[in-house]
Amino acid sequence: MSDADPATDASGHRARLRKRLIQGGSEALLDHELIEYLLALAIPRRDTKPQARALLAEFGSLGAVFSADAESLAREGLSEGAIAAIKIAQASAVRLLRGEIKARPVLGSWQSLLDYLHAAMAHRMTEGARVLHLNSRNMLIRDELVSEGSIDQAAIYVREVARRALELGSAAIILVHNHPSGDPTPSRQDIALTKEIMAALKPFGIQVHDHVVVGSTGHASLRGLGLI
């Protein structure tokens, strides 16, 4: 393989991948080819196709590979450079999607919000919770990860949510958390917690627009399900 160009090799395989990507855009490469080419940029003198296929087999999907934590990727034999390549791809995708929701009212761009939340949270191996703070025009003013927990629980404290909303001058919030199991069906605890937060914020005129539960198989909106 060429030492000068990490995207080429003796057979021209990587050069062909590069050409397909440049000319055909994001849909031109298969999932394993995207990972293969990304790894090739970090590991220029190795055939990265077997490792790309192994990562997909282990984690189950492209999104799950990109969302895997560094420790999990290291256990699959990835070097620090290769892990960084995967994580920079994920960070870029999440920021692009977050940019879409910051540019206009959140409630008027709901699908963009769901796309962002799915990219940021759907494949997490542990449960995390975030609060989206909105102004009176429903524009996003702050997106905060407020809790990271175990495989099945992340603590959200009602008092802290209320304190932060008042501190930021939020007119409304959207609660979000993920289910590492993949099933986004809200639990009784999810519903009860949402109602507690709604009751705590009501005296201050701060609305809870929704509580969205994200899983690898989809999402659930407590408002959409009539649960709040």
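Located above this text is the structure these notes cover.
From a predicted model like this one, the values you see are computed outputs, not experimental measurements.

Asker: In this structure, what is going on with the layout of surface pockets? I would like to understand it.
Answerer: Leftover empty space is mapped by rolling, across the atoms, a probe with the size of a water molecule. Considering only enclosed or pocket space, the largest pocket measures out at about 280 Å³ in volume. What lines the largest pocket is a set of 13 residues, among which S67, K87, Q90, A120 and R124 lie closest to the centre. Here the element with the most residues in the lining of the largest pocket is helix 6 (residues 80-102); it accounts for five residues. Taken together, the residues of the lining of the largest pocket sort by class into five nonpolar, three polar and five charged.

Asker: Looking at this model, I keep getting lost on the sheet that holds strand 4 (residues 207-215). Mind explaining?
Answerer: Spatial ordering of the open sheet is given by 2-1-3-4-5, a layout of five strands whose pairing is mixed. Edge positions in the sheet fall to strand 2 (140-148) and strand 5 (218-221), since each of these pairs with one other strand and no more. Direction aside, neighbouring strands of the sheet carry axes that sit 20 degrees apart on average. The pairing of strand 3 (residues 172-178) with strand 4 spans seven bridges and is classified as parallel. Counted as the bridge partner of N178 is V214 from strand 4. Packing of helix 8 (residues 158-168) onto the sheet brings it into contact with strand 1 (128-134), strand 2 and strand 3, and relative to strand 2 it is tilted by some 155 degrees.

Asker: I keep staring at the environment of L97 and nothing clicks. Help me out?
Answerer: In this structure, L97 sits in helix 6. Sequence separation between L97 and L38 is 59 residues, and the spatial gap between their C-alpha atoms is 20 Å. Setting aside anything within four residues of it in sequence, one finds L97 in contact with D115, Y116 and A119.

Asker: Sorry, what's going on with the pattern of salt bridges here?
Answerer: Two side chains with opposite charge may pair up if their charged atoms get near one another. Scanning all chains against the criterion turns up nine salt bridges. E33 serves as the salt-bridge partner of R20, at 2.8 Å between the closest nitrogen and oxygen. One end of the pair, R20, is in helix 1 (residues 13-24); the other, E33, is in helix 2 (residues 31-42), with 13 residues separating them in the sequence. Relative accessible area serves as the criterion here: at 35%, R20 is assigned to the partly exposed category. Residue classification places E33 among the buried residues on the basis of a relative accessible area of 9%. When the shortest N-O distance is used, the salt bridge between E160 and R163 registers 3.1 Å. You can see E160 and its partner R163 sitting in helix 8, three residues apart, about one turn around the helix. The class for E160 is partly exposed, based on a relative accessible area of 39%. The exposure class assigned to R163 is partly exposed, which follows from its relative accessible area of 39%. Salt bridges linked by common partners bring R142, E144, E160, R163, R164 and E167 together as one network.

Asker: What am I meant to see in the side chain of Q90 here?
Answerer: By the element assignment, Q90 lies in helix 6. A polar contact of 2.9 Å, which involves the side chain of Q90, links it to the side chain of K87. Those residues in contact with Q90, other than ones at most four positions away along the chain, are F66, S67 and A119.

Asker: Could you clarify how one ought to interpret the pairing of strand 4 in this entry?
Answerer: It is a general feature of regular strands that their side chains alternate between the two faces of the sheet. Of all the nine residues making up strand 4, eight are buried; the element is thus mostly covered by neighbouring parts of the structure. Bridge count for strand 4 against strand 5 is four bridges, and the pairing is antiparallel. The residue of strand 5 that forms the bridge with V213 is A220. The antiparallel hairpin formed by strand 4 and strand 5 contains two residues in its connecting segment.

Asker: For this particular structure, what's the right way to read unusual backbone geometry?
Answerer: Negative phi values dominate among residues other than glycine, just as trans dominates among peptide bonds. Residue N138 is not a glycine yet carries a positive backbone phi of 65 degrees. Structurally, the position occupied by N138 is in the loop between strand 1 and strand 2. Note on N138: relative accessible area 19%, which makes it buried.

Asker: For this particular structure, what's the right way to read helix 1?
Answerer: Working note: α-helix, 3.6 residues per turn, so residues spaced by three or four point in the same direction. When the terminal C-alpha atoms of helix 1 are compared, their 16 Å separation across 12 residues agrees well with the 16 Å that a helix rising 1.5 Å per residue should span. The set of residues buried in helix 1 consists of H13, R14 and L17. The arc that holds the buried residues of helix 1, viewed along the axis, is 95 degrees, so those residues lie on one side. Facing away from the buried side of helix 1 by over 90 degrees, the exposed positions are K19, I22 and Q23. Looking at the buried residues of helix 1, the elements they touch are helix 2 and helix 3 (49-59). Looking one or two residues beyond helix 1, the residue adopting positive phi is G25, at roughly 80 degrees.

The rules we used
Residues numbered from 1 in each chain as written. Predicted model: local features only at pLDDT ≥ 70, side-chain atom pairs only at ≥ 80, totals over all residues. Heavy atoms only, no water. 1 Å grid on protein atoms, 1.4 Å probe; cavity = no way out; pocket = protein on both sides within 12 Å on 5 of 7 lines; lining within 4 Å. Points joined across faces, edges and corners; volume = space filled by probe spheres on them. Helix = DSSP H or I, 4+ residues; strand = E, 2+ residues; numbered from the N terminus. Nonpolar A, V, L, I, M, F, W, Y, C, P; charged D, E, K, R; others polar. Pairing = 2+ DSSP bridges. Axes fitted to C-alpha atoms, helices over the stretch in contact; angles between N-to-C directions. Contact = heavy atoms within 4.5 Å. Salt bridge = Lys/Arg side-chain N within 4 Å of Asp/Glu carboxyl O. Buried < 20%, exposed > 50% of the residue type's maximum accessible area, 1.4 Å probe, protein only. Polar contact = N/O pair within 3.5 Å; in protein donor to acceptor, adjacent residues only side chain to side chain. Expected span 1.5 Å × (residues − 1). Arc of directions from axis to C-beta.

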